[in-house]
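Residue-level listing of the chains:
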Amino acid sequence: MSISTVMVIGAGQMGGGIAQVAAAAGRKVYLNDVDLDIVKKRISFIEGLLAKDVSKDRITEAQKAATLANLIPTNDIAMAADADLVIEAVIENMDLKSKIFTQLDEVTKPSCILASNTSSLPITEIAAVTKRPEQVIGMHFMNPVPVMKLVEVIRGLATSDETLKAIFDESVAYGKTPVEVRDVPGFVSNRLLMPMINEAIFCVYEGVATVEDADTVMKLGMNWPMGPLTLADFIGLDTCLYIMEVLYDGYADSKYRPCPLLRQYVKAGWLGKKSGRGFYTYA
Ligand code: CAA
């Protein structure tokens, strides 16, 4: 199936990045959020990233203009009527996602594929609120989307082979490498990454090492581009805690218990880079 028109729902960091790579691949992209100002600010941010790419001779001025022309801001979900694919990238809240997917099922054409960028919620459950579960799939991008090469493609219980193939092809068109993963808590990415981050927080909690030293061990010892505590701040400590809870509940296994220090930081509102303070402080 051919995909030429895409709607991305949620103009946060992830949604903006997804919209950017889809627009750069020549798709007409509706970037949707409840507040049009948020969408316009996100498009200005994308314009800045594209300008930097032009200054570094990675793209031409014409390619930048073409990408920006493909980005259409909207706060009206009904504009998804002519979309071939919708990618939802709102906050990790099942009630909100269920509401959005129910609405999308009504406003989109029957052939439209509905994807979620969820990092941990079950695709099968999201699909169950629609009348087209075979066309619902997880398309989990990594942050920052324009830079990271992976798309974790999550196949729900009912997802069809056709939908899987279309999303593999679409991911490749965006310059990404898709990997198929079954619909289990945390998928593969967060089942591996989050316990590692959580264990680094335990090291700090137990006084085994300072934040900086725990980060240095992984940066210099394992060649991670950023240490686990810097990465936790970058992802958001609330998101890290949320995903640990999903693993803990989903597997009912104590090895996934969130570190008390992580809970305490989230309760304090120390959410990482976005709140100005997490394991580090940010200007
Ligand atoms: N959007 C677009 N581009 C960005 C960006 C953003 N938000 N943040 C950084 N970049 C770009 C920079 O502009 C820079 O581009 P240039 O080469 O053109 O200058 C490039 O990335 C490298 O950035 P920096 O030189 O500033 O810093 P760096 O070398 O440390 O790289 C990084 C930054 C790419 C983020 C790198 O540190 C990295 O790969 N970190 C790990 C990121 C990671 O693990 N992401 C996955 C998180 S988990 C997830 O997303 C899923 C989940 O479910 C939680």
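Now for a description of the structure that goes with this document.

Reading the values: rules and limits
- In this numbering scheme, every chain counts its residues from 1 along its sequence in written order.
- Only residues with pLDDT of at least 70 get local features here, since the model is predicted, and only at 80 or more are side-chain atom pairs given and counted; chain-wide, interface and lining totals rely on the full set of residues.
- Only hydrogens and water are set aside when side-chain values are computed; all heavy atoms of the structure are taken into account.
- Helix numbering and strand numbering both begin at the N terminus, where a helix is a DSSP run of H or I of at least 4 residues and a strand a DSSP run of E of at least 2.
- For this document, the term salt bridge refers to a Lys or Arg side-chain nitrogen within 4 Å of an Asp or Glu carboxyl oxygen.
- Only protein chains enter the area calculation, which uses a 1.4 Å probe; residues under 20% of their type maximum are buried, those over 50% are exposed, and those in between are partly exposed.
- The cutoff for a nearby residue is simple: one of its non-hydrogen atoms must lie within 4 Å of the molecule or strand.
- Throughout this description, a polar contact denotes any pair of N or O atoms lying within 3.5 Å of each other; where both atoms belong to protein, one of them has to be capable of donating a hydrogen while the other can accept it, and for residues adjacent in sequence the pair is counted only when both atoms sit in side chains.
- A 1.4 Å probe and the Shrake-Rupley method give the accessible areas. Residues count as covered only by the protein chains that appear here.
- How far each domain reaches was decided by an automatic or database domain assignment.

Some words on unusual backbone geometry
Line of reasoning, step 1. In the segment running from Asn143 into Pro144, the intervening peptide bond is cis, with an omega of -5 degrees.
Line of reasoning, step 2. Its location among the elements puts Pro144 in the loop between strand E6 (136–141) and strand E7 (150–155).
Line of reasoning, step 3. Positive phi outside glycine occurs at Asp57, with the angle close to 60 degrees.
Line of reasoning, step 4. If you trace the backbone, Asp57 turns up in the loop between helix H2 (36–55) and helix H3 (61–69).

Let's talk about the pattern of salt bridges
Line of reasoning, step 1. The final tally for this structure, using the stated rule, is 13 salt bridges.
Line of reasoning, step 2. In this structure, Glu170 engages Arg27 in a salt bridge whose closest nitrogen and oxygen atoms are separated by 2.9 Å. With a gap of 143 residues between them, Glu170 in helix H6 (residues 161–173) and Arg27 in the loop between helix H1 (13–24) and strand E2 (28–32) connect regions that are remote in the sequence. The pair Glu170 / Arg27 is uniform in exposure class, with both members buried.
Line of reasoning, step 3. In this structure, Arg263 engages Glu245 in a salt bridge whose closest nitrogen and oxygen atoms are separated by 2.6 Å.

Comments concerning the site of the ligand
Line of reasoning, step 1. In the neighbourhood of the ligand, 19 residues make up the surrounding shell, with Lys52, Lys56, Arg58, His140 and Asn143 lying closest.
Line of reasoning, step 2. For the ligand, an oxygen atom lies 2.4 Å from a polar atom in the side chain of Lys52.
Line of reasoning, step 3. Across the complex, the protein chains shield 66% of the 1,000 Å² of accessible surface that the ligand would expose by itself.
Line of reasoning, step 4. Of all the secondary structure elements, the ones that give two or more residues to the shell around the ligand are H2, helix H7 (189–205) and helix H9 (228–235).
Line of reasoning, step 5. By residue number, the principal contributor to the shell around the ligand is H7, which donates 3 residues.
Line of reasoning, step 6. Two domains each put at least three residues into the shell around the ligand: domain 1 (5–182) and domain 2 (190–273).

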